[in-house]
Amino acid sequence: MSERPTIARSAIRSGNAREVASGGLEARLIALVTAAVSVLLLLMVAYAGLQMNRSALAMEGRLLNREIDRLILKTLDEQKSVTLWDDAVRHTTSLDQPWLDQEIGGYLTRTYGHDQILILNGADQVIYRFPPSIADAPNMQHLLAAAAPLIREVRGGPVRPFTRRDGDFQSSTQNRGQTADGRPLRAASNLLSIDGKPVILSVMEMLPTTDKSLLAARPALELSMLKLSPQRLAAMGMAVEVKGVRLNTSGGHNARNGIMPFYADDGTPLGRLTWDPVNPARGLLTIMLPLLAFACSWAIFACLVLLRRLMGSARRLRESETAAIALANSDPVSGLPNRRAFSVMLESRLTAWRSGEGPRPMLACLDLDRFKNVNDTLGHDAGDRLVVAVAERLRDALEPDNILIRLGGDEFAVIAPCTDDQAPQRLADQLTGLFATPFDITGHHVGISTSIGIAIARQGDSTAVTMARYADIALYEAKVNRGSTQIFRHEMSHAVERRHQLEIELDEAIRTGEGLRLVYQPVVPVRRTGEQGVEALLRWTRRTGEIVSPDEMIPIAETSGQMQRLGSWVIGRAFRDAAGWPDIEVSINLSPTQFRDSGLVRYLEGKARTCGVSPTRIILEVTESVVLETRWNADQAFKDLRAAGFRIALDDFGVGYSSLSYLRRFPFDRLKLDRSLSSGVSEDSTAMAIVETAAALGLRLGLDVIAEGIETQAEADLMQVAGCTHLQGYLISRPIEAADMLRYLALAQDGQNQSSST
């Protein structure tokens, strides 16, 4: 009886031992499998991470290569804007150096950043270079030697024996049918090496678009060079969201950096491109490894996380590439299509019209008047807000088949169908009317206008390039009278050429003083006891002997950005002249550009001290437009000028729409009645009543009242009766040269003495 329980207990212990042993084996197997799975998963994760990093590196390398291709195509498009042009061929043939500097050399370097511009004649000899000399320019012979295969191909010789990156440009239908004789435009562009440094060389024929008489058997060639400088490489990388792109010509490199051998298109090694890779797997490995160390069960979960993140990283890379393409064709501030997309859209409308599949297009270019004032007074953030507000207002008002583009800065464009002869004017009226209501920007009511230039597609000479140029010419004409609209006419080209030439000559005249002078027209008191004064008037004589009227000169100075320098020249000359005369008052006209300058008061005070002229002798004349364009800071400017001792006159009173409110708001010392009020006052009782009212208003406010444009004794007598305190005009004296002023003052004093004695 006693053995059976013992045997049973032994059996139980033996079974338990087998179960334990079996359980331990299973545990060991599970541990082994878990360890194996963990190691396998770890290896898989590590391998996947490395592959993902490699894929990201490969993607970044492809993006950089595509960006180089895009930069080459962009260079060709930029060249095309100046080489496919009748005027360019004409002025190249005549070697018009100033014109070439302005329209080709200066335009390509300043606008697009080209580093070196050459023009070769039919014998492939260099006839033009811009800039003429730069410190780090390559050797001319080396440059021409590198470009020789491209030149030979463009000339119709053998095809380049190396990689072609300009295939899209060469095969583009946009390059056919635009030249005067209809043949394709020949061009070649490559990434090459000059003195061991990477450069983009681009050669293109210079051909007319319409004038066949300008065609030559061997046309001139324009050669552009862009250096792939560290800055340009970095910018190229940022364009595709690849950071830290640089060229490594030494042997060593950081193993963590992305690296790609960099060769010129002819196979010449240039070094290695390196960049800071994204390494999307770095964070993944940091998260996955601790999870795998805790338990095998986390391995599956980690694989799911890895798979999800791998898919997310791949998606983000695809989205990043898609976003980069979209960003290249849209304006980041307004969200509208940008200048790059503009040419494609306009050419598409032109192609549809030529094939009979769409209406004739017209192009309206808009320039926001006084946009710079908003940036200067309210800040660039307000300027961006204004751009967005303008874009929204235009977008809401335009028809669905209209295309709205922001060309950049304060310029917009609208592509619309031209359904009849009145369509351009209807579009202009619609666009102009949209600016009648001020914009609410950061709590300010900003009132701006727009100048508009319109070009209409015409059979035989309409391409995207020519239409854009014609619209720009019309816009240039419209900006002469801000807020106006001009529709392109071919005779406008001559006017624009004249203004361009006058801009160049005026710049030189301001720099050298040659041809500029001041004359002074007396302003005499009605009563002999009053103070004698003169008004400084600017005159400009060109080298040809032509006298350019102020009505033509001043708008050119304003639109070309030279008004500040011209105004400074006038102030300096007037102060120096005044220093040599007795104590007479000198009036100087100020432009809105000068009045916006925060350093105006300091500049005037400094000139007065340097020339030894008391500020109380200087009267600064401003028109209503000065106050309109500087209304945000006019109050403080007036206070500072008065505190410094200068006096202020409101010029051309009676022609504005809000002068009365300015008389109440601003501390003027003088009121100058516009010459239109005094003209014909002797025959028109209504005009006399207006003059009497204006004079009485000025006198009640304690102001001197000056009547301008007095040409007859009858006008002078009536102005005196009306209450004017001073007279100015041809009856009193024509403008006097500065050298004759002392003699005039002496004669005037003798006349006054004789009148007093009698």
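None of these values were measured; they are calculated from a predicted model. (Residues numbered from 1 in each chain as written. Predicted model: local features only at pLDDT ≥ 70, side-chain atom pairs only at ≥ 80, totals over all residues. Heavy atoms only, no water.)

## Re the sheet that holds strand β15 (residues 485-487)
Heads up, the rule is: DSSP-based pairing: two strands are paired if at least 2 bridges between them are found. Note on conventions: DSSP H or I runs of at least 4 residues are helices, E runs of at least 2 residues are strands, and numbering of each starts at the N terminus. To obtain an axis, a line is fitted to C-alpha atoms, over the contacting stretch when the element is a helix, and the angle between two such axes runs from 0 to 180 degrees between their N-to-C directions. Residues are treated as being in contact if the distance between any of their heavy atoms lies within 4.5 Å.
Strands sit in the order β10-β11-β9-β14-β15 across an open sheet of five strands; the sheet is mixed. With partners counted over all chains shown, the strands left at the sheet margins are β10 (403-408) and β15, one partner each. Within this sheet the neighbouring strands show an average axis-to-axis angle of 20°, counted without direction. Pairing geometry for strand β9 (residues 361-368) and strand β14 (residues 450-456), over seven bridges, is antiparallel. Within the sheet, the bridge partner assigned to A364 lies in β14 and is I454. The strands touched by helix α9 (residues 339-354) within the sheet are β9, β10 and β11 (411-417), with β10 carrying the most contacts at an inclination of about 140°. Packed onto the sheet, helix α13 (residues 464-478) meets β9, β14 and β15 and runs at close to 145° relative to β14.

## Details of the pairing of β11
We apply this condition: Residue exposure (1.4 Å probe, protein chains only): buried if accessible area is under 20% of the type maximum, exposed if over 50%, otherwise partly exposed.
Most of β11 is tucked away, with six of its seven residues classed as buried. With seven bridges joining them, β9 and β11 adopt antiparallel strand pairing. Its bridge partner lying in β11, D367 is registered against E411. Two successive antiparallel strands, β10 and β11, enclose a turn made up of two residues, where G409 displays a positive phi of approximately 60°.

## Focus on the environment of G271
Structurally, G271 is set in strand β8 (residues 269-276). As a C-alpha pair, G271 and G196 span 75 residues in sequence and 9.2 Å in three-dimensional space. Those residues in contact with G271 that lie beyond four places of it in its chain are L247, N248, P261 and F262.

## Topic: the pattern of salt bridges
Opposite charge on two side chains lets them pair, provided their charged atoms get close. To keep it simple, the criterion reads: Each reported salt bridge corresponds to a side-chain nitrogen of Lys or Arg within 4 Å of a carboxyl oxygen of Asp or Glu.
Within this structure, the stated rule accounts for 35 salt bridges. Note that K479 is salt-bridged to D367, the shortest N-O span being 3.9 Å. Placement of K479 in the loop between α13 and β15 and of D367 in strand β9 is noted, with a sequence separation of 112 residues between them. Judged by its relative accessible area of 7%, D367 falls in the buried class. When the shortest N-O distance is used, the salt bridge between D669 and R642 registers 3.7 Å. Taken together, the positions of D669 in the loop between α21 (659-665) and β22 (670-673) and R642 in helix α20 (residues 634-644) put the pair 27 residues apart, joining distant regions of the chain. Salt bridges sharing partners connect three or more residues here, namely R498, E505, R542, E546 and E552.

## Thoughts on unusual backbone geometry
Residues F130 and P131 are joined by a peptide bond in cis, for which omega reads -10°. Within the fold, P131 resides in the loop between β2 (126-130) and α4 (140-154). The phi dihedral of D195 falls on the positive side, at around 55°, and the residue is not glycine. Note on placement: D195 falls in the loop between β3 (187-194) and β4 (197-205). If you check the backbone angles, R370 has positive phi at about 60° while not being a glycine. In this structure, R370 sits in the loop between β9 and α10 (371-378). Judged by its relative accessible area of 31%, R370 falls in the partly exposed class.

## Description of the environment of D96
Along the chain, D96 falls in the loop between α2 (86-93) and α3 (97-112). On the basis of relative accessibility, which here comes to 24%, the residue D96 falls in the partly exposed class. Linking D96 and Y128, residues 32 residues apart in sequence, is a C-alpha distance of 9.9 Å.

## Notes on the packing of α13 against helix α14 (residues 492-512)
The angle between the axes and the distance between the axes are what describe a pair of packed helices. Quick reminder of the rule: The hand of a helix crossing depends on one turn: near helix anticlockwise from the far one by less than a right angle means left-handed, and clockwise means right-handed. When residues are sorted by character, Ala, Val, Leu, Ile, Met, Phe, Trp, Tyr, Cys and Pro go into the nonpolar class, Asp, Glu, Lys and Arg into the charged class, and all the rest, Gly among them, into the polar class.
Running from N to C, α13 and α14 cross one another at 65°; their axes reach a closest spacing of 10 Å. The interaxial crossing formed by α13 with α14 has left-handed handedness. On α14, the residues touching I473, A474, Y476 and E477 of α13 are M492, S493, A495, V496, R499, H500 and E503. Along the lines of polarity and charge, the residues of the contact of α13 with α14 split into six nonpolar, two polar and three charged.

## Notes on the sheet that holds strand β6 (residues 243-248)
Working definition: the strands of a sheet are paired by backbone hydrogen bonds and lie parallel or antiparallel to each other. In space, the three strands of this open sheet follow the order β6-β8-β7, with antiparallel pairing throughout. Each edge of the open sheet is held by one strand with a lone partner, namely β6 and β7 (258-263). Taking each pair of neighbouring strands and ignoring which way they run, the sheet shows an average axis angle of 25°. As paired strands, β7 and β8 are joined by six bridges and run antiparallel to one another. Across the sheet, the residue bridging to G258 is W275, located in β8.

## Structural notes on a nonpolar patch on the surface
As a reminder of what qualifies: In this analysis, a patch consists of residues with relative accessible area above 30% that form no salt bridge, clustered at 9 Å for like charges and at 5 Å for the nonpolar side chains Val, Leu, Ile, Met, Phe, Trp and Tyr. Accessibility throughout is a Shrake-Rupley quantity obtained with a 1.4 Å probe, and a residue counts as covered only by protein chains that appear here.
A grouping of L660, L697 and L701 is seen on the molecular surface, where their side chains present a nonpolar patch of about 270 Å² in accessible area. When you line up the elements, L660 lands in helix α21.

## Examining the packing of aromatic side chains
Rules: The aromatic pairing rule takes the rings of Phe, Tyr and Trp, using the six-membered ring of Trp, and pairs them if the centres are within 6.5 Å, calling planes under 30 degrees apart stacked, those over 60 edge-to-face and the rest tilted. Only when the NZ atom of a Lys or the CZ atom of an Arg is both within 6 Å of the ring centre and within 35 degrees of the ring normal do we say a charge sits over the ring.
Evaluated as defined, the whole model comprises nine aromatic pairs. With 6.4 Å between their ring centres and 75° between their planes, F666 and F668 make a pair best called edge-to-face. Taking relative accessible area as the criterion, F666 reaches 4% and is therefore assigned buried. An aromatic cluster is built from F595, F638, F666 and F668, whose rings are joined through pairwise contacts. Directly above the aromatic system of F439 lies the positively charged group of R393, at a separation of 3.7 Å from the ring centroid. Here R734 stacks its cationic end above the ring of Y730, 4.0 Å away from the centre of that ring.

## Thoughts on the side chain of R406
So the rule is basically this: Here a polar contact is recorded for every N or O atom pair within 3.5 Å, except that within protein the pair must consist of a potential hydrogen donor and a potential acceptor, and residues adjacent in sequence are included only if both atoms are side-chain atoms.
Tracing the backbone shows R406 in strand β10. Take R406: its relative accessible area is 8%, and that puts it in the buried class. Polar contacts involving the side chain of R406 include one to the main-chain carbonyl oxygen of G409, which spans 2.8 Å. Apart from the residues within four sequence positions on either side, R406 is in contact with D331, V333, S334, L336, P337, N338, R339, V387, E411 and F412.

## Section: α10
Residues spaced three or four apart along an α-helix face the same direction, because each turn holds 3.6 residues. Taken together, the buried positions of α10 are occupied by F371, N373, V374 and N375. Just beyond α10, the residue with positive phi is G379, at close to 100°.

## Some thoughts on the packing of α10 against helix α11 (residues 380-397)
Our working definition: Throughout, the term roughly parallel applies to angles under 35 degrees, roughly antiparallel to angles over 145, roughly perpendicular to angles from 65 to 115, and oblique to all others.
Viewed as axis vectors pointing N to C, α10 and α11 meet at an angle of 140°, and their least axial separation amounts to 6 Å. It follows that α10 is oblique to α11 by the angle criterion. Contacts between α10 and α11 involve F371, V374, N375 and L378 from the first element and H380, A382, G383, L386 and V387 from the second.

## Considerations on the environment of T268
Structurally, T268 can be placed in the loop between β7 and β8. As for T268 and L192, which are separated by 76 residues in sequence, their C-alpha atoms are 7.7 Å apart. Beyond its immediate chain neighbours, meaning those up to four positions away, T268 contacts S193, F262 and Y263.

## Considering the confidence of the model for the protein chain
Spelled out, the test is: A residue's pLDDT is simply how confident the predictor is in it, with values from 0 to 100.
Averaged over the protein chain, the pLDDT score is 83; the fraction of residues at 70 or greater is 84%. Contacts for the low-pLDDT stretch residues 1-28, under 50 throughout, to residues beyond four places or in other chains number one contact.

## Thoughts on α13
Heads up, the rule is: The length a helix should cover is 1.5 Å for every residue beyond the first.
With 15 residues, α13 ought to run about 21 Å at 1.5 Å a step, and its terminal C-alpha atoms sit 21 Å apart, in line with that. For α13, the buried fraction is high: twelve of the 15 residues fall into the buried class. Considered for burial, the residues of α13 that qualify are A464, T466, M467, A468, Y470, A471, I473, A474, L475, Y476, E477 and A478. Check the buried side of α13 and you find it contacts α9, β9, β14, β15, α14 and α15 (550-559).

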